[in-house]
Amino acid sequence: MKATEILQEEDLARLIRFKETAEDDNSYDTPKAALKRLMELGVVRSLGFGRCATTAFGDWLVEQHFEQAPTLPLKTEDDYSKTPNDLGNRRDAGPIGGASVLTDVLCGNGNYNERTDK
């Protein structure tokens, strides 16, 4: 399926222009009404304080339009930035069959972002 079969040509052109201008410093020139329409279509999202970004769906449509072989399933920015430990990779035994297990430690900020060997 082509991007022009999903979005109207004018919406696709505005999405492409938005992506071009907003990628570096979020200084886009898309009119407010057009931006609201792109948000309603699910290809742009508000980041608050007048900032916006393309959604995974919006990125996929632009890549598909330029035949860049977009990947499926769609991924978020967090999906692309995950480290192997974030994906659940764990050691289950020590060097001599011991019980060395990599475990999560809850930090003061409520995030499981430190590791310790026990």
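Here's a quick rundown of the structure. All residue numbers refer to positions counted from 1 along the written sequence of the respective chain. Residues qualify for local features only when their pLDDT is at least 70, as the model is predicted, and side-chain atom pairs are given and counted only at 80 or more; totals for whole chains, interfaces and linings, by contrast, use all residues. Heavy atoms from the whole structure form the basis of all side-chain values; hydrogens and water molecules are not counted.

## What about the overall build of the protein?
Phase 1 of the analysis: Comment: elements are numbered from the N terminus, with helices defined as DSSP H or I runs of at least four residues and strands as E runs of at least two. Helix and strand counts for the protein come out as five helices and four strands.
Phase 2 of the analysis: Each helix and strand of the protein, placed in order from N terminus to C terminus, yields the pattern α-α-α-β-β-α-α-β-β.
Phase 3 of the analysis: Only protein chains enter the accessibility calculation, which uses a 1.4 Å probe; a residue is then buried when its area is under 20% of its type maximum, exposed when over 50%, and partly exposed in between. Considering the protein as a whole, with its 118 residues, one finds that 24% of them fall into the buried category.
Phase 4 of the analysis: Long-range pairs, those at least 24 residues apart, make up 32% of the contacts in the protein with a sequence separation of at least 6.
Phase 5 of the analysis: Only the protein chains shown count as covering a residue, and every accessible area follows the Shrake-Rupley method with a 1.4 Å probe. For the protein, the computed accessible surface area is about 8600 Å², with 51% contributed by carbon and sulfur atoms. Whether two residues are in contact is decided by their heavy atoms, any of which lying within 4.5 Å being enough.

## Observations regarding the nonpolar core
Phase 1 of the analysis: Working definition of a nonpolar core: buried Ala, Val, Leu, Ile, Met, Phe, Trp, Tyr and Cys residues. They are joined through side-chain atoms within 4.5 Å. Formed by 15 residues in total, the largest nonpolar core has its most connected members in Leu7, Leu12, Leu15, Phe18, Val43, Val44 and Leu61.
Phase 2 of the analysis: Elements with a contribution of two residues or more to this core: helix H2 (9-22), helix H3 (32-41) and helix H4 (56-65).
Phase 3 of the analysis: With five residues, H2 is the single largest residue contributor to this core.
Phase 4 of the analysis: Ignoring any residue separated from it by four or fewer positions in sequence, one finds Leu15 in contact with Leu7, Leu38, Val43, Val44, Thr54, Gly58, Leu61 and Val62.

## Examining H2
Phase 1 of the analysis: Taking 1.5 Å as the rise per residue, H2 with 14 residues should run 20 Å; its terminal C-alpha atoms sit 20 Å apart, in good agreement.
Phase 2 of the analysis: Those residues of H2 that fall on the buried side of the exposure criterion are Asp11, Leu12, Leu15, Ile16, Phe18, Lys19, Thr21 and Ala22.
Phase 3 of the analysis: Where H2 is buried, its residues meet helix H1 (3-6), H3, strand S1 (44-48), strand S2 (51-54) and H4. A helix is expected to reach a length of 1.5 Å times the quantity of its residues less one.

## So, the packing of H2 against H4
In a pair of packed helices, the angle between the axes and the distance between the axes together describe the arrangement.
Phase 1 of the analysis: At a minimum axis separation of 10 Å, H2 and H4 run at an interaxial angle of 105°. By the angle class used here, H2 and H4 are roughly perpendicular. Within the contact between the two elements, H2 uses Leu12, Leu15, Ile16 and Lys19 and H4 uses Gly58, Asp59, Leu61, Val62 and His65.
Phase 2 of the analysis: Three classes are used, and their members are as follows: Ala, Val, Leu, Ile, Met, Phe, Trp, Tyr, Cys and Pro are nonpolar, Asp, Glu, Lys and Arg are charged, and the others, Gly among them, are polar. When the residues that make up the contact of H2 with H4 are grouped by side-chain class, the tally is five nonpolar, two polar and two charged. Axis lines are fitted through C-alpha atoms, for helices just across the contact stretch, and the angle between N-to-C directions can take any value from 0 to 180 degrees. For classification purposes, an angle smaller than 35 degrees is called roughly parallel, one larger than 145 roughly antiparallel, one from 65 to 115 roughly perpendicular, and anything else oblique.

## A word on the side chain of Thr54
Phase 1 of the analysis: Tracing the backbone through its elements, the reader meets Thr54 in strand S2.
Phase 2 of the analysis: For Thr54, a relative accessible area of 12% gives the class buried.
Phase 3 of the analysis: Apart from the residues within four sequence positions on either side, Thr54 is in contact with Leu15, Phe18, Lys19, Val43, Val44, Arg45 and Asp59.

## A short note on the packing of H2 against H3
Phase 1 of the analysis: Where H2 meets H3, the axes come as close as 10 Å, and the angle between the chain directions of the two elements is 100°. In this view, H2 runs roughly perpendicular relative to H3, as classed from their interaxial angle. Every residue of H3 that contacts H2 at Asp11, Arg14, Leu15 and Phe18 is listed here: Ala34, Leu35, Arg37, Leu38 and Leu41.
Phase 2 of the analysis: Here the contact of H2 with H3 is built from residues that sort into six nonpolar, no polar and three charged.

## Section: the layout of surface pockets
Phase 1 of the analysis: Counted as a void, the largest pocket has a volume near 270 Å³.
Phase 2 of the analysis: Along the wall of the largest pocket there are 13 residues; nearest its centre are Thr55, Ala56, Asp59, Lys75 and Tyr80.
Phase 3 of the analysis: Those elements that place two or more of their residues in the lining of the largest pocket are H4 and helix H5 (77-81).
Phase 4 of the analysis: Of all the elements, H4 adds the most residues to the lining of the largest pocket, at four residues.
Phase 5 of the analysis: Across the lining of the largest pocket, the residue classes tally to four nonpolar, four polar and five charged. A cavity here means a set of points on a 1 Å grid, drawn over the protein atoms and nothing else, where a 1.4 Å probe fits but cannot get out; a pocket is an open set with protein on both sides within 12 Å along at least five of seven lines, and a residue lines either one if it has an atom within 4 Å of a point. Grid points are joined across faces, edges and corners, and a volume is the space filled by probe spheres set on the points.

Without other data, these values stay purely geometric and don't point to any function.
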